[in-house]
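# Summary of structural features
Here is how the chains run, residue by residue.
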Amino acid sequence: MSSSVEALRPNQRPELANLSDDTILESYRAMKLIRRFEERAEESYMRGFIHGTMHLSIGQEASAVGVVVALRASDTLTSTHRGHGHSIAKGADPALMFAEFFGKQTGYCGGRGGSMHIADVESGNLGANGIVGGGLPIAVGAALSAKMRKSDQVCVCFFGDGASNEGAFHEALNMASIWRLPVVFVCENNKYGMSMDIARSSAVPDIAQRAVSYAMPGISVDGNDVAAVRAVAETAIARARAGEGPSLIECKTYRIRGHSKSDRNFYRTKEEIEEWRGRCPIERLRNEVLGLGRLSADRFDAIDAAIEVEMEVAIEFAKASPNPDPARLTEDVYA
Amino acid sequence: MLDKPKDMINQVRELTYAEAIREAMGQAMEADPTVFILGEDIGTYGGAFGVTGDLIHRFGAERVIDTPIAELGIAGAAVGAALTGMRPILELQFSDFVTLAAEQIVNQAAKIRFMFGGKASVPLVVRMPSGSGTGAAAQHSQSLEAWFGHIPGLKVVQPSTPYDAKGLLLAAIDDPNPVLFFEHKLLYKMKGAVPIEPYRITIGQAVVRRAGTDVTIVGTSIMAVRALAAAEQLAAQGIEAEVIDLRSIRPMDTETIFRSVRKTSRLIVVYEGVKTLGVGAEISAAVAESDAFDFLDAPIMRLGGQEVPLPYNPVLEKAAVPQEDDIVAAALNLLRKDRR
């Protein structure tokens, strides 16, 4: 009722007008949580609490949140090496994620996986993946399984522009289409596959154009606009759930940080990074909503403050958690 | 529940190796709605080697799924289905094509449980026709099992009889882990006694096919069959070989091998995969590291595939992998050296 009234308000973008206040705040909270989680993870890395490497999605939060918030809790997703946002949007506990990053026994994977392998299969998070394109066929299998079990689940498959050049992309999208599976392919096009510009690596400018080859809808969307992403995702998810088959969504976005901790940004300009920093999806949502006179600033501030506390508690939990016991190293190789 | 007539229980009849595999799949699908098969041309065509046969007519196209020619994709689809409550059986047309699917098997299926801290499982069976002897040349004849035997998280099974094919496949389908099931193309028409009722053979248990006192011959897949035939030739010459069919290389039943070597003091390992860095090296090293080493009266001998891609010409093809006479000659050679 209220949303239809809001839709009639002047000067509101239709995508944003369709979102209730609760949904706006939920999306804001999820994006901010991802941002602060990754900033605190980066800081913990610098301070030596985290070894190895990590792939930060700072700047890309709207694609993870816009899609995942439109899912049901029972739905599944496959994620990527840059997958912290997908896990958090799906409801992962930041304390258990920090614990995993810190290599602790209490982490999501008992310290066996680290940043690149966060998974919580029980809650539908079928796992981040260290192999570019690795999750694409797995998502097809999860959707096939959902169809066979008549579970009414949809699987969302996140992957990057880099993965769209893997053979797995072709095999997965074709299979999903011929079998009309309930899967939504979400390409997070952040412009670079490590250092390779999409303009140099892809024969077509928009990954969404490739959907034509698989007779499925393909659409490019501003990946830094959470309301726009959500609107497109809702349509694709509804279509998948109705048995009408897969869709391909391309979220055009940008990673503000480097590919991984080894990246020295030789392949892009400071100006380009600064330009995209100005398109921060979190600030953008907040400013746009405030500008429209919906919600007050203290609603957002309260969320920010709560997240700071949550991060502090989560990091303390990770620090205080025990390391895994080397005597148990070879457990869990086999079920 | 239907009461089965008493004489049906444990009734045994002759089946081919291929029929035994088909029967195992059919019984597993009857018993468990989450079991399904996917692969290339496994539906109306009945499978590249006819193994799935009429299963599509019994279970329908939704549970016997013809797939595009996309080994990486279908392997991944099987992994995703296994991760979410199904028990897929993936058939690859030739085991050589597992190279195309290796990413999903090695990086995903084998590692998911461990990487995710033991909170997930991938109950997947990958069935693959393997081995040489059909004139299919270098890209359709390989024995690649040792590659996968090197990967923690996988199980690798090689049945050599119709009885084992059914029992091991039913065990593989029940197994909560990914199991690579290497079938040998030359065995598909082999006949043997197979009980009608479903039964399971524990994966990781070797079997002594023939007891003997003079030399232990460990064989995998068709090489266990050839070793048994070779043992009959040796018996005619007064040599009693003990023949062990390894049945699975991961997990590997080294204890059965050690026990035999302690008795015979001589060991020959026969396998079709390329000799270097293969199953024979692992078995030899395991014996060398064990107390069975002290019982050896002769060097361990490995008979494996030659260091070449499999050739097309039938004479060359036979020369590329161990044959029955090679095993006989190796045993005679070993015993002769020993007596000198």
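If you're wondering where the values come from, they're calculated on a predicted model, not measured in any experiment.

The next thing to look at is the state of the cysteines. All names here are of chain A. For the coordinates displayed, the defined rule picks out 0 disulfides over all chains. The cysteine Cys 155 is free of any disulfide, with Cys 157 supplying the nearest cysteine sulfur at 6.6 Å. Exposure remark for Cys 155: the relative accessible area of 1% places this residue in the buried category. No disulfide involves Cys 251; its nearest neighbouring cysteine sulfur is the one of Cys 187, lying 8.2 Å away. For Cys 251, a relative accessible area of 0% corresponds to the buried category.

All names here are of chain B. Here we have 7 strands laid out as an open sheet, ordered 3-2-4-5-7-6-12, and mixed in their pairing. What marks the edges here is a single partner per strand, and that holds for strand 3 (64–66) and strand 12 (248–250). Shown here is a sheet whose adjacent strand axes are inclined to one another by a mean of 20 degrees, direction ignored. In this sheet, strand 5 (residues 125–130) lies alongside strand 4 (residues 87–91) in parallel orientation, the contact comprising 3 bridges. Following the sheet pairing, Glu 91 is matched in strand 5 by Arg 127. The sheet contacts of helix 3 (residues 71–83) involve strand 2 (35–39) and strand 4, and relative to strand 4 the element is tilted by about 165 degrees.

This part takes up the sheet that holds strand 7 (residues 247–252) of chain A. Residues and elements named next belong to chain A. Read across the sheet, 5 strands follow the order 1-2-3-7-6 without closing on themselves; strand pairing throughout is parallel. The sheet is open, and its two edges are formed by strand 1 (76–78) and strand 6 (218–222), each paired on a single side. Pairs of neighbouring strands in the sheet enclose a mean axial angle of 20 degrees, with direction left out of account. Examined bridge by bridge, strand 2 (residues 155–160) and strand 3 (residues 183–189) share 6 bridges and lie parallel to one another. Looking at the pairing, Cys 155 lines up with Val 183 of strand 3.

Across chain A, the average pLDDT comes to 95, with 97% of residues at 70 or higher. Contacts for the low-pLDDT stretch residues 1–8 of chain A, under 50 throughout, to residues beyond four places or in other chains number 9 contacts.

Calculation rules
Residues numbered from 1 in each chain as written. Chains lettered and ligands numbered in written order. Predicted model: local features only at pLDDT ≥ 70, side-chain atom pairs only at ≥ 80, totals over all residues. Heavy atoms only, no water. Disulfide = S-S within 2.5 Å. Buried < 20%, exposed > 50% of the residue type's maximum accessible area, 1.4 Å probe, protein only. Pairing = 2+ DSSP bridges. Helix = DSSP H or I, 4+ residues; strand = E, 2+ residues; numbered from the N terminus. Axes fitted to C-alpha atoms, helices over the stretch in contact; angles between N-to-C directions. Contact = heavy atoms within 4.5 Å. pLDDT = per-residue confidence, 0-100.

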